[in-house]
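Fold and contact review
One letter stands for each residue in the lines below.
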Amino acid sequence: MEIDFITDHHKKTKRNYLERVNKINKAEAAVKAKKWGYDYWDGSRDINYGGYYYDGRWKPIAEKMIKHYKLKRNSKILDVGCGKGFLLHEFKKLLPQCEVKGLDVSSYAIKNSKEEVKKNLVLGHAKKLPFKDNYFDLIISLNTLHNLYCYDLKKALSEIQRVGKKNKYICVESYRNENERINLLYWQVTCECFFTPKEWKWWFKSSGYKGDYSFIYFE
């Protein structure tokens, strides 16, 4: 089912698409960003985040997910593409006895993650999740899977379906018209999958993914 937890968070960032594509060498920025190290997280804004620090902005999203998915105090939660673990930290604060796990391809992000959840984060790739079948009560993957090549995307979706129970939520970048497509091309530095919502839904179905999803757009 399509349900949106992320759009309001996404729209808080102001983006000048033409300035970004005219100001920087996008190819060089992409090379640096895809190393998933300092440049991607805490380097220049021209490359990616320009400093990804904890400021509590993920708390409202965690609250909405807990309410919607009726999570309990001992629920098990996995974040695929967890970054520095900020969202998992919010879950842990709201549900102190819950079990949180995070997986990310960036060793830099894990090294610089929130101390409170660092021990729960593992280095790895979404295409092969090191967890048991049907283990987690909620799996989330936010703004991550569009960075995979198609052959890895299908594996990742299947893996998320495998290790989760009923509740799963994925958010990915997408476009509904040519204006949004061009803005996405101008802004992104790591995206490999450029799909419309209809195409994303085809991927979900063909990979056996049965969870929830939403899309963010670059309007």
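Before any of the text, the structure's been laid out above.
Since this is a predicted model, take the numbers as computed values, not measurements.

Observations concerning the nonpolar core
Nonpolar side chains in soluble globular proteins tend to be buried together. One finds Ile6, Met65, Phe91 and Tyr169 to be the most contacted residues of the largest nonpolar core, which totals 38 residues. When contributions to this core are tallied by element, the ones reaching two or more residues are α3 (26–33), α4 (38–42), α5 (59–68), α6 (86–94), α7 (107–111), β4 (136–142) and β5 (164–173). Of all hydrophobic cores here, the second largest spans 26 residues; its members include Val163, Val172, Trp203 and Phe204.

Overview of the state of the cysteines
Here the structure, examined in full by the defined rule, presents 0 disulfides. In this structure Cys82 is not part of a disulfide, and its nearest cysteine sulfur, from Cys98, lies 14 Å away. Here Cys193 is not cross-linked by a disulfide; its sulfur's nearest cysteine counterpart is in Cys150, at 4.6 Å. The class of Cys193 is buried, set by a relative accessible area of 1%.

Digging into α5
Each full turn of the α-helix corresponds to 3.6 residues, which orients residues three or four apart in the same direction. Buried within α5 we find Ile61, Ala62, Met65 and Ile66. For α5, the angular spread of buried residues about the axis comes to 135°, placing them on one side. With its phi angle positive at about 55°, Lys70 sits one or two positions after the end of α5.

Parameters at a glance
- Numbering of residues starts from 1 in each chain and follows the order in which that chain's sequence is written.
- Residue-level local features of this predicted model are given only where pLDDT is at least 70; pairs of side-chain atoms are given and counted only at 80 or more, and the full residue set underlies all totals for whole chains, interfaces and linings.
- Side-chain metrics rest on all non-hydrogen atoms present in the structure, leaving aside hydrogens and water.
- For this analysis, a nonpolar core means a set of buried residues of the types Ala, Val, Leu, Ile, Met, Phe, Trp, Tyr and Cys, connected via side-chain atoms within 4.5 Å.
- Exposure is judged per residue with a 1.4 Å probe applied to protein chains only, and the accessible area is read against the type maximum: over 50% gives exposed, under 20% gives buried, and values in between give partly exposed.
- Secondary structure elements are taken from DSSP: a helix is a run of H or I of four residues or more, a strand is a run of E of two residues or more, and numbering for both begins at the N terminus.
- When two cysteine sulfur atoms lie within 2.5 Å, the pair is treated as a disulfide.
- Along the arc lie the directions from the helix axis toward the C-beta atoms.

Function cannot be inferred from these measures alone, as they are strictly geometric.
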